[in-house]
Amino acid sequence: MARLTVRSSGAQPAGRRRWIRGIRSVAGQVFALQVVVVLLLVLAAVLALVLESEHDSTQEARNRSVAVAQTFANSPGIVAALRSPNPTAILQPRAEAARISSGVDFIVVLNTDGIRYTHPKPDRIGKKFVGNFEPALQGQVITERIIGTIGPLVQAVVPVRDTDGTVVGLVSAGITITKVSGVVNGQLPLILGAAAVALALATVGAALTSKRLLRQTHGLGPSEMTRMYEHHDAVLHAVREGVVIVGGDGRLLLANDEARRLLGLPPDAEGRSVAGLGLSSRAVQLLASEQAVSDEVLPAGDRLLVVNVRPTDRNGGPPGRVATLRDSTELQALSDKAEAGRRRLRLLYEASVAIGTTLDVVQTAQELARVAVPRFADFVSVDLAVPVLRGEEPSGTSGTQMQRVAVSAIRDDAPLYPVGEPITIIPSTPQAWSLDTGQGVFDPDLASSTDWKVQDPERADAMLEYGVHSVVRVPLLARGVLLGIAKFWRSERPERFDEDDLSFAEELVTRAAVCIDNARRYTREHAMAVTLQHSLLPHGLPEQNAVEAAYRYLPAQAGVGGDWFDVIPLPGARVALVVGDVVGHGLHAAATMGRLRTAVHNFSTLDLPPDEVLGHLDELVGRIDQDQTAAGSGDDVTGATCLYAIYDPVTRLCTMARAGHPPPALVHPDGTVEFPELPAGPPLGVGGLPFATVELRLPEGSRLVLYTDGLVEDRERDIDDGLERLRSALKNADRTPEETCEAVLEALLPAHPTDDIALLVARTNVLPADRMAEWDVPSDPAAVSEVRAEVSRKLASWGLDETAFVTELILSELVTNAIRYGAEPIKVRLLLDRTLICEVSDTSDTSPHLRYAATMDEGGRGLFLVAQFAERWGTRYTAEGKVIWSEQPLQA
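Owing to the predicted nature of the structure, the values given are computational and were not obtained by experimental measurement.

Undergrad: Just checking my understanding: could you explain the overall build of the chain for this structure?
TA: A tally of helices and strands in the chain yields 23 helices and 30 strands. Split into buried and exposed, the 892 residues of the chain put 43% on the buried side. When contacts within the chain are restricted to residue pairs at least 6 apart in sequence, those whose partners lie at least 24 apart make up 60%. For the chain, the accessible area works out to roughly 45800 Å², and carbon and sulfur atoms hold 55% of it.

Rendered as structure tokens:
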């Protein structure tokens, strides 16, 4: 950038006058004289060096060019390259590489005609070499000094010989004189003479200067020197850093006021040894250190000093060292606060990961207690309102009953309330105020406080004796709901709680309170779902003689599901065994399970076969799914599975059908276990395919095991492995159903069930032959009387004479209807079970209906009478026709 200079016309004479005064002064004359002396010395030295360097440079250039040329001429492969079809392609890169590494200006390879094969400038390759090279063809080494395009230089030409000594080419290397410099070695007398002359001149000049200074310093007063010292002293003592200078012998040479204040030096410190100034050993070590010290922290009383030490003998200075001291006490305090803040932020981050890992209220409170010990507090206790533990919302005041749910401590003998202890908060205590206001509070000195002792004076005294000195109390408040209170205690750590600790504790507890409230809400919803599920599941097994049954139901740890089971007595001493599983978990799954279970009972009342029952259930699940989709609730039912079996103790036939459910296990009386081949069928709600039934004739004492998939399948094992383990658990012929349930759960129950488990074990019974009677009835009204007589005799043999009249009346009406409206063959069967069962069957599919007959009607009152005298009656359809049945209670 150009610089603009403005000069005034009056400035030049003043500048000239100042220059003249400077020249006439002592300092100016000394300066001028020394300049002359130095110039003379330099000129003499340069002249001598130039003369010698001229000779040495030329010789060095000659030697280097010859050496480089000979080295390249004798390098391997050069002869073969010269005889190759294209020597330039081979030699040019090698020559350039050698030129660069050797430092010469060029290496040129020639043929015997002087034509260049290589050159630093490619445009000169193929041209005639400039210089004398003929003697080299005769085997001589030629050197010459020439003025080239790059300046004065020395070039050498050497021959390239074949193995037989024939010269097959030439190599020329050259270097400029300016690249070679030499030192005068052979002209020492000349240099020494010049040095003597310069020394003499300098001595004469110094003598003249001394004489002139002695004459001219008489007018120089002490004010100028005093003013210079005062400026130096003012600056030295005004700076905010301490400055200490220590001599090479370890004595204190200088210390400014700040250094005296920081180190507490005595008034007569200067001149004394550093070790005798009463400083700490660390301070003496730093101030006497012969090595450089950077930013070392030195405690000095209640201060923290940052010390830097540097030697003074660098660049020829006097021996010793200079130290600077800076007070960093406030900076260290700020740094400590920043570090404490960083630790708290890290603890908050770790707490956000460690707290709330489960949806269990107590577990979440324990996680809060654990995460704060020992990095924030020595002891942490968490008290929750009792309603919170049940999933309910507390009243939100200090009058709410509390219970200690978590304690975390660095030691196990702290005199704190144990876990599980009920706590009633006294209104006058600080924690009652905290609960009422929703604000945290800290007490840095428990020994001088009295309000907190009102809660439990004996325990408070025990805590003070234990060493607890401060506490922080923070209420657990989330979404406006007061859940409890967390307390942080310190005893081993000497630091007492302060405002920053209270803010941190409030942030930590706020995060934990949200997790506890989430767990509380989950607990409430889970309790509601469990209550609903338990209300929908069987509370016991009905009385019946067809099977001896036992069951187990275990909900999943993650929440309620839709598994269910049922034992439903059916007409004819039969029984229906049902196990089902609704896909999903939660309230919706439990409610859907209740609807399906109710539907199963309704369909069983109609006495439908298993495949028809599953067909109706399939349609029901589909409608439920459609209703949920239309309502847009997002709780679509994706399906359910079910296994439905009917066992007849008279015929020992078991008719089964399943809809996507695991197959049943059949344990024979001898202990053999099999899984019957039962078509799986699609799950309920899928639709489109019919369900198939299978009939098995079971030996008396067989055990039929029905279960849901949670028993045999989970994340860690597949269903095949589960079925094999179930087979192994069932291999025992002497177990009762209850013992079978215990053995199965012991063998297959996972440690943490992720799905509901329903298990139903039924051991089959057979109705004794002497409790059955059956007759064929011809299609003749006259046969009714004969049937009545046979029935009366059979009832008499069973000791049921008192029921003969009612039974004859019922059978008369049923047989008469069968003869009048049914089709042959007609059969009558009596079964003596828990009730007296009368059955009339025919091959017609028409079903009688109960109606009220008018006053003038001659018929229509038969079934009305049957309904009046029988406890229950109904119709069921079979593959051959229908069966009309009735049940009569037995008198005790």
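Continuing now.
Undergrad: Explain the pattern of salt bridges here, please?
TA: Opposite charge on two side chains permits them to pair, given that their charged atoms come into close proximity. With the rule as written, the count across this model stands at 32 salt bridges. Across the pair Arg 459 and Asp 456 runs a salt bridge whose closest N-O atoms are separated by 3.4 Å. Residue classification places Asp 456 among the partly exposed positions, given a relative accessible area of 21%. Each of Glu 393, Arg 479, Asp 517, Arg 520 and Arg 521 takes part in a single network of salt bridges with overlapping partners.

Undergrad: Could you clarify how one ought to interpret the nonpolar core in this entry?
TA: Nonpolar side chains tend toward joint burial in soluble globular proteins. Core analysis: the largest hydrophobic core is formed by 50 residues, its most contacted members being Trp 564, Leu 577 and Leu 617. Broken down by element, the residue count for this core peaks at 7 residues, all from strand E19 (residues 640–648).

Undergrad: How do you make sense of helix H22 (residues 804–821) when you look at a structure like this?
TA: Residues spaced three or four apart along an α-helix face the same direction, because each turn holds 3.6 residues. With 18 residues, H22 extends 25 Å from end C-alpha to end C-alpha; this agrees with the ideal 26 Å at 1.5 Å per step. For H22, every residue scored as buried is listed here: Ala 804, Thr 807, Glu 808, Ile 810, Leu 811, Ser 812, Leu 814, Val 815, Asn 817, Ala 818 and Ile 819.

Undergrad: Help me out: how do you make sense of the sheet that holds strand E9 (residues 320–327) in this one?
TA: Within a sheet, adjacent strands bond to each other through the backbone by hydrogen bonds, running parallel or antiparallel. Spatial strand order, E6-E5-E9-E8-E7: 5 strands in an open sheet with antiparallel pairing. With partners counted over all chains shown, the strands left at the sheet margins are strand E6 (252–255) and strand E7 (293–300), one partner each. The mean inter-strand angle of the sheet, taken between neighbouring strand axes irrespective of direction, is 25°. Summarising the sheet, strand E5 (residues 242–247) and E9 pair through 6 bridges and their orientation is antiparallel. Of the residues in E9, the one forming a bridge with Val 246 is Arg 321.

Undergrad: Is there a simple way to think about the sheet that holds strand E10 (residues 379–385) in this case?
TA: Taken in spatial order, the 6 strands make up an open sheet running E12-E11-E10-E15-E14-E13, and their pairing is antiparallel. Whereas interior strands pair on both sides, the edge strands pair on one side only; in this sheet they are strand E12 (422–423) and strand E13 (441–443). Inspection of the sheet shows E13 paired to strand E14 (residues 470–478) by 3 bridges, in the antiparallel sense. By the bridge assignment for E14, Val 441 is matched with Arg 473. Against the sheet, helix H11 (residues 361–371) contacts E10, strand E11 (402–409), E14 and strand E15 (481–490), and its axis sits at roughly 40° relative to E11.

Undergrad: What exactly am I supposed to notice about a negative patch on the surface here?
TA: Taken together, the side chains of Glu 713, Asp 718, Asp 720 and Asp 721 make up a negatively charged region of the molecular surface. Following the sequence through the fold, Glu 713 ends up in the loop between helix H18 (709–712) and helix H19 (719–730). Classification of Glu 713 by relative accessible area gives partly exposed; the value is 36%.

Undergrad: Which parts of the structure should I look at to understand the packing of aromatic side chains?
TA: How two aromatic rings sit relative to each other is given by the distance of their centres and the angle of their planes. In total, this model carries 6 aromatic pairs according to the counting rule given. Centroid distance Phe 376 to Phe 504: 4.7 Å. Interplanar angle 55°. Geometry classified as tilted. Of this pair, Phe 376 sits in the loop between H11 and E10 while Phe 504 sits in helix H15 (residues 499–536), and the two are 128 residues apart along the sequence. Judged by relative accessible area, which is 5%, Phe 504 ranks as buried. Grouping aromatic residues by their ring pairs yields a cluster made of Phe 376, Phe 488, Phe 497 and Phe 504. Directly above the ring of Tyr 417 sits Arg 459, whose terminal nitrogen or CZ lies 4.2 Å from the centroid.

Undergrad: Got a minute to help me understand the pairing of strand E30 (residues 882–889) in this structure?
TA: On any regular strand, side chains alternate: one points to one face of the sheet, the next to the other face. Across the 8 residues that make up E30, a large majority, 7, are buried. With 8 bridges joining them, strand E28 (residues 835–842) and E30 adopt antiparallel strand pairing. Paired with Cys 838 across the bridge in E30 is Ser 886. Here strand E29 (residues 872–877) pairs with E30 via 6 bridges, running antiparallel. Each residue of the ladder has a partner; that of Thr 875, found in E30, is Ile 884. Remark: 4 residues form the turn of the hairpin made by E29 and E30, two consecutive strands paired antiparallel.

Undergrad: Honestly, the packing of helix H21 (residues 783–797) against H22 in this entry has me stumped. Any pointers?
TA: Remark: H21 packs on H22, axes separated minimally by 9 Å, with the N-to-C direction vectors making an angle of 145°. Handedness of the H21/H22 crossing: right-handed. Between H21 and H22, the contacting residues are Val 784, Arg 788, Val 791, Ser 792 and Leu 795 on the first element and Ala 804, Thr 807, Glu 808, Leu 811, Ser 812, Val 815, Thr 816 and Ile 819 on the second. Residues that form the contact of H21 with H22 fall into these classes: 7 nonpolar, 4 polar and 2 charged.

Undergrad: Quick question: what am I supposed to make of the environment of Val 293 here?
TA: In this fold, Val 293 is placed in strand E7. The exposure class assigned to Val 293 is buried, which follows from its relative accessible area of 9%. With 16 residues separating them in the primary sequence, Val 293 and Val 309 have C-alpha atoms 4.8 Å apart. Those residues in contact with Val 293 that lie beyond four places of it in its chain are Leu 286, Val 307, Asn 308, Val 309 and Arg 310.

Undergrad: Could you clarify how one ought to interpret H21 in this entry?
TA: When the terminal C-alpha atoms of H21 are compared, their 22 Å separation across 15 residues agrees well with the 21 Å that a helix rising 1.5 Å per residue should span. If you check which residues of H21 are buried, you get Ala 783, Val 784, Val 787, Val 791, Ser 792 and Leu 795. Those residues of H21 that are buried lie in contact with strand E26 (772–777), H22, strand E27 (826–832) and E28.

Undergrad: Is there a simple way to think about a nonpolar patch on the surface in this case?
TA: Residues Leu 40, Val 197 and Leu 201 make up a contiguous nonpolar surface patch of roughly 240 Å² in combined accessible area. When you line up the elements, Val 197 lands in helix H6 (residues 188–216).

Undergrad: Looking at this structure, how should I read unusual backbone geometry?
TA: Most peptide bonds take the trans form, and the phi angle of most residues other than glycine is negative. Omega for the bond connecting Val 373 with Pro 374 falls within 30 degrees of zero, at 5°, which places this linkage in the cis form. Of note, the phi angle at Asp 607 is positive, near 55°, even though the residue is not glycine. Here Asp 607 lies in the loop between helix H16 (587–605) and helix H17 (610–631). A positive phi is found at Arg 652, a non-glycine position, where the angle reads about 65°.

Cut-off values and rules
- Residues numbered from 1 in each chain as written.
- Predicted model: local features only at pLDDT ≥ 70, side-chain atom pairs only at ≥ 80, totals over all residues.
- Heavy atoms only, no water.
- Helix = DSSP H or I, 4+ residues; strand = E, 2+ residues; numbered from the N terminus.
- Buried < 20%, exposed > 50% of the residue type's maximum accessible area, 1.4 Å probe, protein only.
- Contact = heavy atoms within 4.5 Å.
- Areas by Shrake-Rupley, 256 points an atom, 1.4 Å probe, with all protein chains shown as cover.
- Salt bridge = Lys/Arg side-chain N within 4 Å of Asp/Glu carboxyl O.
- Core = buried A, V, L, I, M, F, W, Y, C linked by side-chain atoms within 4.5 Å.
- Expected span 1.5 Å × (residues − 1).
- Pairing = 2+ DSSP bridges.
- Axes fitted to C-alpha atoms, helices over the stretch in contact; angles between N-to-C directions.
- Patch = residues over 30% accessible without salt bridge, like charges linked within 9 Å, V, L, I, M, F, W, Y side chains within 5 Å.
- Lys, Arg positive; Asp, Glu negative; His and termini not counted.
- Charge placed at Lys NZ, Arg CZ, Asp CG, Glu CD.
- Phe/Tyr/Trp six-rings, centres within 6.5 Å; stacked < 30°, edge-to-face > 60°.
- Lys NZ or Arg CZ within 6 Å of the ring centre and 35° of its normal.
- Left-handed = near helix turned anticlockwise from the far one by under 90°.
- Nonpolar A, V, L, I, M, F, W, Y, C, P; charged D, E, K, R; others polar.

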